[in-house]
Amino acid sequence: MNYQTITISTHGERFYNITNEVKKTLSKTVRTNQSGVLHLFITHTSCGLTINESYDPSAKEDLECFLDHIAPRNLPFIKHTDEGPDDSPSHMKTLLVNQSMSFVVDNSELVLGTWQGIYLCEFRDSPKQRSIIFKFVKD
């Protein structure tokens, strides 16, 4: 196996800042002064990944509210509710975020903008263990 798995425990629908977990895994994986590309892939259909502002918590709250507005639970056409009222809306929201992302790594450091953070976007109410595939490809 040429990749690692980051496991994140979630406790309800919200955005979880996973930037530090990604950086921690990177520091254990990459040798000093190594550069390349880091690939992240989430292996679930009711959550996703995104990069967004991580400095002001109200920005994250606005994003969460935006997705609730776009895919509310009370849409009259919803049929897929096998796992509860959050089932179909969780898949709808996943359409709007990423399942995979790539990042530049320069001299062993993850390259992010000043205010950027990496988020796991959880769209289910119940606690989950989410798996993110982590693969570094050196230059």
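The rules we used
- Residues numbered from 1 in each chain as written.
- Predicted model: local features only at pLDDT ≥ 70, side-chain atom pairs only at ≥ 80, totals over all residues.
- Heavy atoms only, no water.
- Phe/Tyr/Trp six-rings, centres within 6.5 Å; stacked < 30°, edge-to-face > 60°.
- Helix = DSSP H or I, 4+ residues; strand = E, 2+ residues; numbered from the N terminus.
- Buried < 20%, exposed > 50% of the residue type's maximum accessible area, 1.4 Å probe, protein only.
- Expected span 1.5 Å × (residues − 1).
- Arc of directions from axis to C-beta.
- Pairing = 2+ DSSP bridges.

1. Digging into the packing of aromatic side chains
1) Next: One pass over the full model with this rule turns up 2 aromatic pairs.
2) Next: Seen in terms of ring centroids, Phe15 and Tyr119 are 5.9 Å apart; in terms of plane orientation they differ by 50°. Their pairing is tilted. Within this pair, whereas Phe15 is found in strand 2 (residues 14–17), its partner Tyr119 is found in strand 7 (residues 116–122), the two being separated by 104 residues in sequence.
3) Next: The exposure class of Phe15 is buried, given its relative accessible area of 3%.
4) Next: For Tyr119, a relative accessible area of 3% translates into the label buried.
5) Next: Summarising the aromatic geometry, the rings of Tyr55 and Trp115 are spaced 4.6 Å apart at their centres and angled 55° between planes, so their arrangement reads as tilted. Residue Tyr55 is located in the loop between strand 4 (47–53) and helix 2 (57–70), and its partner Trp115 is located in the loop between strand 6 (109–110) and strand 7; the two are separated by 60 residues in the primary sequence.
6) Next: Given a relative accessible area of 48%, Trp115 falls into the partly exposed group.

2. Describing helix 2
Given 3.6 residues per helical turn, the α-helix brings residues three or four places apart onto the same face.
1) Next: Between its terminal C-alpha atoms helix 2 stretches 20 Å, which fits the 20 Å expected from 14 residues at 1.5 Å a residue.
2) Next: Every buried residue belonging to helix 2 is among Ala59, Lys60, Glu64 and Leu67, and all of these are buried. The arc that holds every buried residue of helix 2, seen down its axis, measures 140°, which confines them to one face. Every exposed residue of helix 2 that faces more than 90 degrees away from the buried side is listed here: Asp62, Cys65 and His69.

3. Observations regarding the sheet that holds strand 3 (residues 36–42)
1) Next: Taken in spatial order, the 5 strands of this open sheet run 1-8-3-5-6, and their pairing is antiparallel. In the strand order of this sheet, the two ends are held by strand 1 (4–11) and strand 6, each with one partner.
2) Next: Two elements, strand 3 and strand 8 (residues 127–138), share 7 bridges in a ladder whose sense is antiparallel. Among the inter-strand pairings, Ile42 is bridged to a residue of strand 8, identified as Ile132.

4. Some details on helix 1 (residues 19–29)
1) Next: For helix 1, every residue scored as buried is listed here: Thr19, Val22, Thr25 and Leu26. Taken around the axis of helix 1, the buried residues stretch over an arc of 135°, which confines them to a single face. Relative to its buried face, helix 1 has exposed residues pointing more than 90 degrees away, namely Asn20, Lys24, Ser27 and Lys28.

5. Some points on unusual backbone geometry
1) Next: Non-glycine residue Asn33 carries a positive phi angle of around 60°.
2) Next: Counting through the fold element by element, Asn33 comes out in the loop between helix 1 and strand 3.
3) Next: Asn33 sits in the exposed class, given a relative accessible area of 56%.
4) Next: For Ser108, which is not glycine, the phi torsion reads 70° and is therefore positive.

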